[in-house]
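# Survey of secondary and tertiary structure
Each chain, written out:
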Amino acid sequence: MTVLVLSGLVVLAVGGCVCVVWAARGGPRWVRAAATTTLVAGELVRKAGRRDRSRSGSSDD
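Remember, it's a predicted structure, so these values are computed and weren't measured experimentally. (Residues numbered from 1 in each chain as written. Predicted model: local features only at pLDDT ≥ 70, side-chain atom pairs only at ≥ 80, totals over all residues. Heavy atoms only, no water.)

In terms of regular secondary structure, the protein is built from two helices and zero strands. In terms of overall dimensions, the protein is more spread out than a globule: its C-alpha atoms have a radius of gyration of 16 Å, far above the 10 Å expected for 61 residues. In terms of overall dimensions, the protein has C-alpha extents of about 50 × 30 × 10 Å along its principal axes. Within the protein, buried positions represent 10% of all 61 residues. (Helix = DSSP H or I, 4+ residues; strand = E, 2+ residues; numbered from the N terminus. Rg over C-alpha atoms; globule rule 2.2 N^0.38 Å. Buried < 20%, exposed > 50% of the residue type's maximum accessible area, 1.4 Å probe, protein only.)

This part takes up the pattern of salt bridges. Tallied over the full model, the rule gives one salt bridge. Residue R46 is joined to E43 by a salt bridge in which the shortest nitrogen-to-oxygen separation is 2.6 Å. With a gap of three residues between them, R46 and E43 both fall in helix α2 (residues 29-59), about one helical turn apart. (Salt bridge = Lys/Arg side-chain N within 4 Å of Asp/Glu carboxyl O.)

All right, on to a nonpolar patch on the surface then. Nonpolar side chains collect at one region of the surface, where M1, L4, V5, L6, L9 and L12 lie side by side and expose about 710 Å² of accessible area between them. In this fold, L9 is placed in helix α1 (residues 2-24). (Patch = residues over 30% accessible without salt bridge, like charges linked within 9 Å, V, L, I, M, F, W, Y side chains within 5 Å. Areas by Shrake-Rupley, 256 points an atom, 1.4 Å probe, with all protein chains shown as cover.)

Right, let's get into the packing of aromatic side chains. Inspection of every chain in the model, using the stated rule, returns one aromatic pair. Judged by centre distance (5.6 Å) and plane angle (90°), the rings of W22 and W30 are edge-to-face. Overall, the relative accessible area of 38% leaves W22 in the partly exposed class. (Phe/Tyr/Trp six-rings, centres within 6.5 Å; stacked < 30°, edge-to-face > 60°.)

Nothing here speaks to function; it is geometry throughout.
Written out as structure tokens, the structure reads:
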């Protein structure tokens, strides 16, 4: 079951990357929407990672 979930996440990530590249080349509207969603999700994950690191770093002081 875990392998199936992780495989699904990898497929979504690769599909999102393909949409970002395709949208940069002027793809259809649905591709631009998928690319925007992918970029926003990536930014949220990046911010969550920064927040986790800053919390763990401040507790070590």
